[in-house]
Amino acid sequence: AYPENRRLTPAARETMLDLVERSSASYNTIASVLNATHGLSLLGRDVYNRSYDYTQNTVSSTAKLIEILREDGFIYRVKVAMDNTLEALFLCKPHDVQMARLYGQTVIMDATYKTNRFRLPLVNIITVDHNLRTLRIALCFISNEQTKCIHLGFTATK
């Protein structure tokens, strides 16, 4: 395809970004949809490159995650290192805090090590109710097991 046939109009760009953000379709599928609806000759790689350029020039993925947490009503705390990398992210729902206050005589913390896409330990904080059911209190991604990272989660629920 010639470069002039791969230029995005503002409407096509908006459609592309919306599809990339809201759908699980492949870049090739999104390119096919844009080609059919906007008369373009895009390749899947063009969609990837343009959406990547857009995300690099806008808000970071961490900032997007924090915005989603805020919109969904999560209680969260973020600790950022001096080099602007994520050191710890604590999150829980207000209902989970209520359950912890009601049943939290015993709290259990366990970490899974680097099994997520961020390659960070994920600390699960749970308790048990009077029917011996496990209740999640909170989750915390931490970059290390220093006390200051783990302390972040406990101070957030006070």
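Computed from a prediction, not measured in an experiment: that's the story for all the values here.

**Thoughts on the overall build of the protein chain**
No. 1: Regarding its fold elements, the protein chain presents 6 helices and 5 strands.
No. 2: The order of α-helices and β-strands along the protein chain, N terminus first, is α-α-α-α-β-β-α-β-β-β-α.
No. 3: Here the protein chain, with 158 residues, has 28% of them falling under the buried criterion.
No. 4: Within the protein chain, contacts between residues at least 6 apart in sequence are counted, and of these 40% link residues at least 24 apart.
No. 5: For the protein chain, the exposed surface amounts to about 10600 Å²; the carbon and sulfur share of it is 52%.

**Topic: the side chain of D96**
No. 1: Topologically, D96 is positioned in helix α5 (residues 94-103).
No. 2: On the accessibility criterion, D96 (9% relative accessible area) is buried.
No. 3: Of the polar contacts made by the side chain of D96, one reaches the side chain of R136; its length is 3.2 Å.
No. 4: If we skip the residues at most four places from it in the chain, D96 touches R136 and I137.

**Some details on the pattern of salt bridges**
No. 1: Scanning the entire structure with this criterion turns up 4 salt bridges.
No. 2: Between D18 and R22 there is a salt bridge, with its nearest N and O atoms 2.6 Å apart. Placement of both D18 and R22 in helix α1 (residues 10-22) is noted, with a separation of 4 residues, approximately one turn of the helix.
No. 3: In this structure D18 comes out as partly exposed when scored by relative accessible area, which is 38%.
No. 4: A salt bridge links D129 to R133, with the nearest nitrogen and oxygen atoms 2.8 Å apart.

Thresholds, definitions, all that
Residue numbers restart at each chain and count upward from 1, following the sequence in its written direction. Predicted model: local features are reported for residues with pLDDT of at least 70 only, side-chain atom pairs are reported and counted for 80 or more only, and whole-chain, interface and lining totals are derived from all residues. As a rule here, side-chain values come from all non-hydrogen atoms in the structure, and water together with hydrogens is ignored. Here a strand is any run of E in DSSP of at least two residues, a helix any run of H or I of at least four, and the numbering for each starts at the N terminus. Each residue's exposure class comes from its accessible area (1.4 Å probe, protein chains only) as a fraction of the maximum for that residue type: buried when under 20%, exposed when over 50%, partly exposed otherwise. Contacts between residues were defined by any pair of non-hydrogen atoms, one from each residue, lying within 4.5 Å. The accessible surface values rely on the Shrake-Rupley method and a 1.4 Å probe; as for residues, cover is taken only from the protein chains in view. Nitrogen and oxygen atoms within 3.5 Å of one another constitute a polar contact, given that in protein one can donate a hydrogen and the other can accept it, and given that sequence-neighbouring residues count only through two side-chain atoms. Take a side-chain nitrogen of Lys or Arg and a carboxyl oxygen of Asp or Glu: if they are within 4 Å of each other, that pair is a salt bridge.

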